[in-house]
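Residues per chain, in single letters:
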Amino acid sequence: MSTFIGESKCLRILSLSENELSNDGASMIWSGIAKNDEIPLTSINFAGNKIDTAWCMSTTFRTSRYLESVNLSNNILNQSSGRVFADAILPEKWGATRSLTSLDLGGNNLGVEGSSLIARALGQTDRLRLLWLDNNRIGATGGASIARALRENESLTMLDISNNMLALDVKRFSLDLQAVKVLAATVKSNKTLKYLYLKGNQIGISGGKMLKESLRENRQIQIIDLKDNEIPEGLQNDISTIL
């Protein structure tokens, strides 16, 4: 497989999802991609494998000329992997010419550290359009970092940060609405975000009211998912009416 990829001049889409690939197998494939500067690869799907580090991908992200979409959801990527993806989001840092527009990292172990690293890059990119960070235990601290980055970002149209305990300090296991407050403030001014998924984050009544008031001043968001957030049905209906 790695030999074929390393020599291919026509491969555009590579999907190896649900193959129980570990770091060793994935490293050989990513290495093959990195060595082939003529491969017109635009989309990679490695979802549902057993990859726990992204360092084997860093060279590929630096050298690829066409890569636009990467799906690494439902692996076991660790917190330090966030630095690799931050670099991937900012290709100009390495002189790369390709534009990563879609990145799915849902269902991993990025945590507070990994999500905060990605947030720094998110605040600087003008290329990324779609970002999945759901189910990554980013907590209130990581959520606040992402929300602050959205103040600077002018390209993202879809963000999924569902099931991340946004209203919880994951170190102290105590209620913390800081991320929700920052997100609500950001929603007021962001002009590009259209789809925002916040399912399962223990946002509660107070957080729901903050978002409701913010949405009154935002005419860009078309969908906001607030299921499983302990928000009363009446308040959810009010928010739906505003959209």
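The structure contained in this document is the topic of the report that follows. (Residues numbered from 1 in each chain as written. Predicted model: local features only at pLDDT ≥ 70, side-chain atom pairs only at ≥ 80, totals over all residues. Heavy atoms only, no water.)

### Considerations on the nonpolar core
Where we set the bar: Nonpolar cores were defined as sets of buried Ala, Val, Leu, Ile, Met, Phe, Trp, Tyr and Cys residues, with membership established by side-chain atoms within 4.5 Å. Throughout this description, buried means an accessible area under 20% of the type-specific maximum (1.4 Å probe, protein chains only), exposed means over 50%, and partly exposed covers the range between. For the purposes of this entry, the term helix denotes a DSSP run of H or I that reaches at least four residues, the term strand denotes a run of E that reaches at least two, and both are numbered from the N terminus. Contacts are assigned to residue pairs with any non-hydrogen atoms lying within 4.5 Å of each other.
Judged by nonpolar contacts, the single largest core of 70 residues is most densely connected at Phe-46, Met-57, Phe-85 and Leu-198. Looking at this core, the elements that each hand over two or more residues are helix H2 (23–35), helix H4 (81–89), helix H5 (111–122), helix H6 (139–152), helix H7 (178–189), helix H8 (204–215) and helix H9 (233–242). Residues within four places of Phe-85 in sequence aside, it is in contact with Ala-54, Met-57, Phe-61, Leu-72, Leu-77, Leu-103, Leu-105 and Ile-118.

### Digging into the packing of aromatic side chains
Quick note on the threshold: Within 6.5 Å between ring centres, the rings of Phe, Tyr and Trp (the latter by its six-membered ring) count as paired, and their orientation is classed by plane angle as stacked under 30 degrees, edge-to-face over 60, tilted in between.
Counted under the stated rule, the structure contains 3 aromatic pairs. Judged by centre distance (5.3 Å) and plane angle (35°), the rings of Trp-30 and Phe-46 are tilted. Here Trp-30 is found in helix H2, whereas its partner Phe-46 is found in the loop between strand S2 (43–45) and helix H3 (58–63), with 16 residues between them in sequence. The two residues Trp-30 and Phe-46 agree in class, both being buried. An aromatic cluster of three or more residues is present, and its members are Trp-30, Phe-46, Phe-61 and Phe-85.

### Some thoughts on the sheet that holds strand S4 (residues 102–104)
Inclusion rule: Strand pairing is assigned whenever DSSP identifies at least 2 bridges connecting the two strands. Axis lines are fitted through C-alpha atoms, for helices just across the contact stretch, and the angle between N-to-C directions can take any value from 0 to 180 degrees.
With respect to topology, 8 strands assemble into an open sheet ordered S1-S2-S3-S4-S5-S6-S9-S10, the strand pairing being parallel. The sheet is open, and its two borders are formed by strand S1 (13–15) and strand S10 (223–225), each paired with just one other strand. Taken pair by pair, the neighbouring strands of this sheet meet at an average axis angle of 5°, ignoring direction. Here 3 bridges tie S2 to strand S3 (residues 69–71), and the two strands are oriented parallel to one another. Across the sheet, the residue bridging to Ser-43 is Ser-69, located in S3.

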